[in-house]
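# Overview (structure and organization)
Take a look at the letters that make up each chain.
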Amino acid sequence: MIKKIYCLLLLIFLSSFGYASQKTLSIENNRLVWDYAGSLPAQKGFDKNIGTAGLLQGIIGDYIVVGGGANFPEALEKGGKKVTHKDLYLLKDVNGKLKTIEQIQLDYPIAYGASVSVKEENAIYYLGGSPDSEHMRDVLKVTLKNGKLKTEIYAKLPLGFENGVAQYKDGKIYYGVGKIENSEGKNVNSNKFYVFDLKTKETKELAEFPGEARQQTVGQILNNKFYVFSGGSNISYVDGYAYDFKTNTWKKVALLLGSNSIKIANDKMLVIGGFNYDLWNEANDKLSNLKDEKLKDYKANYFGAEPQSYKWNRKILIFDATKNSWKSIDEVPFDAPCGAALLLMNNNIYSINGEIKPGVRTERMYKAYIISK
């Protein structure tokens, strides 16, 4: 039996959402071969890119766009503070490596928002996700004009949003089940669910997610339903529900056993990464309740351990919506990531940056090729 795993984004953002830009991706009867695909250049004002989590991410034509995200330039056990970035990168696959074609800076930092690639528009929409309260309601639109990145604040959401799910369907973006602004202007865990119309720029509230209010969920549209899994509040969850667009209702489905996802067929999604469920709950309890020297000692030991000590998930998992089941098909050959950008383009899978242990990111990018067995 596959162990329960869960990528909670108290430290990072799991929701790396890709979209199938081509016909069904045949993975289950083949194998994935991973290769190092390069590293991102340093953000402006920094000597080195140490990696980020919670990135803006998406596909425009044959280009990958990633950017923003947060990290800890100074280690957490040393009291390091989180830094959120403004840099946006335009990447192209050149002979198996991701080459930076352009690097620009946004007007404000972004992280932990929800990214949606809209193929028909050759655009990426990024909802919420900024430490600047004035930009927590932004719908940022990213396009290419004459081969250069172009960004604009396309619209405003009625409430601030971060650490949730979002997917595109028929001219609309469905989003929610994350941290959403309350009447006091604070973003709190929520089970609210909305639809944003790209044409009218209007937002409508839909039926609430039936699980507990939470953030850091994973979502994907499969078999014409919006599947939402996992998430957390003061505890972690592994339950999942499917939203029916026609009836505006939710139905409980199989448990989630992983984190970052991409859609690989009409009824299937691929998942990698994830925290160890039991170890994370234990750490959350101790970090919340220990005090003074005991807390200081625990932090030093916890944040100072090697990546393998945290037992994060390296399994590659596939969820089949038709069978309502999960299965493992392989493992990634690198440190298990949480909050990485996970994207599908031209029948290749890309894992970019992410967190490899609490508070520590990787600057590395990987590419997976599909090889016949």
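Here the structure is a predicted model, which is why all the values come from computation and not from measurement.

### Quick word on the nonpolar core
Membership of the largest hydrophobic core comes to 19 residues, with the highest contact counts inside it found for Tyr125, Leu127, Val139, Ile173, Tyr175, Phe196 and Leu198. When residues of this core are traced back to their parent elements, those giving at least two are β9 (114–118), β10 (123–127), β12 (148–156), β14 (165–169), β15 (172–176) and β18 (193–197). Of all hydrophobic cores here, the second largest spans 16 residues; its members include Ile27, Ile264, Ile316 and Ile318.

### What to know about the packing of aromatic side chains
Enumeration according to the criterion identifies 23 aromatic pairs in this entry. With a centroid separation of 5.5 Å and 85 degrees between ring planes, the pair formed by Phe193 and Phe226 is classed as edge-to-face. On the criterion of sequence distance, the pair formed by Phe193 in strand β18 and Phe226 in strand β21 (residues 225–229) is long-range, its members being 33 residues apart. Take Phe193: its relative accessible area is 0%, and that puts it in the buried class. The buried category is assigned to Phe226, whose relative accessible area is 0%. A centroid spacing of 5.1 Å and a plane angle of 70 degrees characterise the contact between Tyr302 and Phe303, whose relative ring orientation is edge-to-face. Given a relative accessible area of 7%, Phe303 falls into the buried group. One aromatic cluster is present, built from ring pairs that chain together Tyr174, Phe193, Phe209, Phe226, Tyr241, Tyr243, Phe245 and Trp250. We note Lys201 situated over the ring of Tyr154; from NZ or CZ to the ring centre the distance is 4.3 Å.

### Focus: the sheet that holds β9
Here four strands make up an open sheet; going across it, the order is β9-β10-β11-β12 and the pairing antiparallel. The sheet terminates laterally at β9 and β12, the two strands that pair on one side only. Adjacent strand axes in the sheet meet at a mean angle of 20 degrees when their direction is disregarded. Pairing analysis gives five bridges linking β9 to β10, with the strands arranged antiparallel. Considered in β10, the bridge of Ala114 is made with Leu127.

### Digging into unusual backbone geometry
A positive phi angle, near 55 degrees, is found at Asn95, a position not held by glycine. Tracing the chain through its elements places Asn95 in the loop between β7 (87–94) and β8 (97–105). Residues other than glycine seldom take positive phi values, yet Asn248 does so here, at roughly 55 degrees.

### Here we look at the sheet that holds strand β30 (residues 348–352)
As summarised here, the arrangement of the four strands in space is β2-β33-β30-β29, forming an open sheet in which the pairing is antiparallel. The sheet is open, and its two borders are formed by β2 (30–39) and β29 (341–345), each paired with just one other strand. Averaged over all pairs of adjacent strands, the angle between their axes in this sheet comes to 20 degrees, without regard to strand direction. One ladder, built from nine bridges, connects β2 with strand β33 (residues 364–372); its direction is antiparallel. Within β33, the residue paired with Tyr36 across the bridge is Tyr366.

### Description of the environment of Cys338
Positionally, Cys338 belongs in the loop between β28 (325–331) and β29. For Cys338, a relative accessible area of 0% puts it in the buried group. Here the alpha-carbon distance between Cys338 and Gly354, two residues 16 residues apart in the chain, equals 5.3 Å.

### What about the pattern of salt bridges?
The tally for this structure, following the rule as stated, stands at nine salt bridges. For the salt bridge of Lys367 with Asp93, the shortest nitrogen-to-oxygen distance reads 2.7 Å. Pair noted here: Lys367 is in strand β33 and Asp93 is in strand β7, with a separation of 274 residues, a long-range link. In this structure, Arg214 and Asp239 form a salt bridge, with 2.7 Å as the shortest nitrogen-oxygen distance. Here Arg214, found in the loop between β19 (203–205) and β20 (218–222), pairs with Asp239, found in the loop between β21 and β22 (240–244); they are 25 residues apart in sequence, far enough to count as distant. Each of the two residues, Arg214 as well as Asp239, counts as buried. If you follow the salt bridges from partner to partner, you end up with Lys192, Glu205 and Glu208 in one network.

### Remarks on the side chain of Lys141
Among the structural elements, Lys141 can be located in strand β11 (residues 138–145). A polar contact of 3.5 Å, which involves the side chain of Lys141, links it to the side chain of Tyr125. Apart from residues lying up to four places away in sequence, Lys141 is in contact with Glu121, Ala123, Ile124, Tyr125, Lys150, Thr151, Glu152 and Tyr154.

### A short note on the side chain of Glu162
Inspection of the secondary structure assignment puts Glu162 in strand β13 (residues 161–162). Although Glu162 is buried, it forms no salt bridge, and the closest oppositely charged side chain is Lys179 at an N-O distance of 4.0 Å. Excluding its chain neighbours within four sequence positions, the residues that come into contact with Glu162 are Tyr112, Gly129, Met136, Gly178, Lys179 and Asn187.

Rules of the game
- Residues numbered from 1 in each chain as written.
- Predicted model: local features only at pLDDT ≥ 70, side-chain atom pairs only at ≥ 80, totals over all residues.
- Heavy atoms only, no water.
- Core = buried A, V, L, I, M, F, W, Y, C linked by side-chain atoms within 4.5 Å.
- Buried < 20%, exposed > 50% of the residue type's maximum accessible area, 1.4 Å probe, protein only.
- Helix = DSSP H or I, 4+ residues; strand = E, 2+ residues; numbered from the N terminus.
- Phe/Tyr/Trp six-rings, centres within 6.5 Å; stacked < 30°, edge-to-face > 60°.
- Lys NZ or Arg CZ within 6 Å of the ring centre and 35° of its normal.
- Pairing = 2+ DSSP bridges.
- Axes fitted to C-alpha atoms, helices over the stretch in contact; angles between N-to-C directions.
- Salt bridge = Lys/Arg side-chain N within 4 Å of Asp/Glu carboxyl O.
- Polar contact = N/O pair within 3.5 Å; in protein donor to acceptor, adjacent residues only side chain to side chain.
- Contact = heavy atoms within 4.5 Å.
- Lys, Arg positive; Asp, Glu negative; His and termini not counted.

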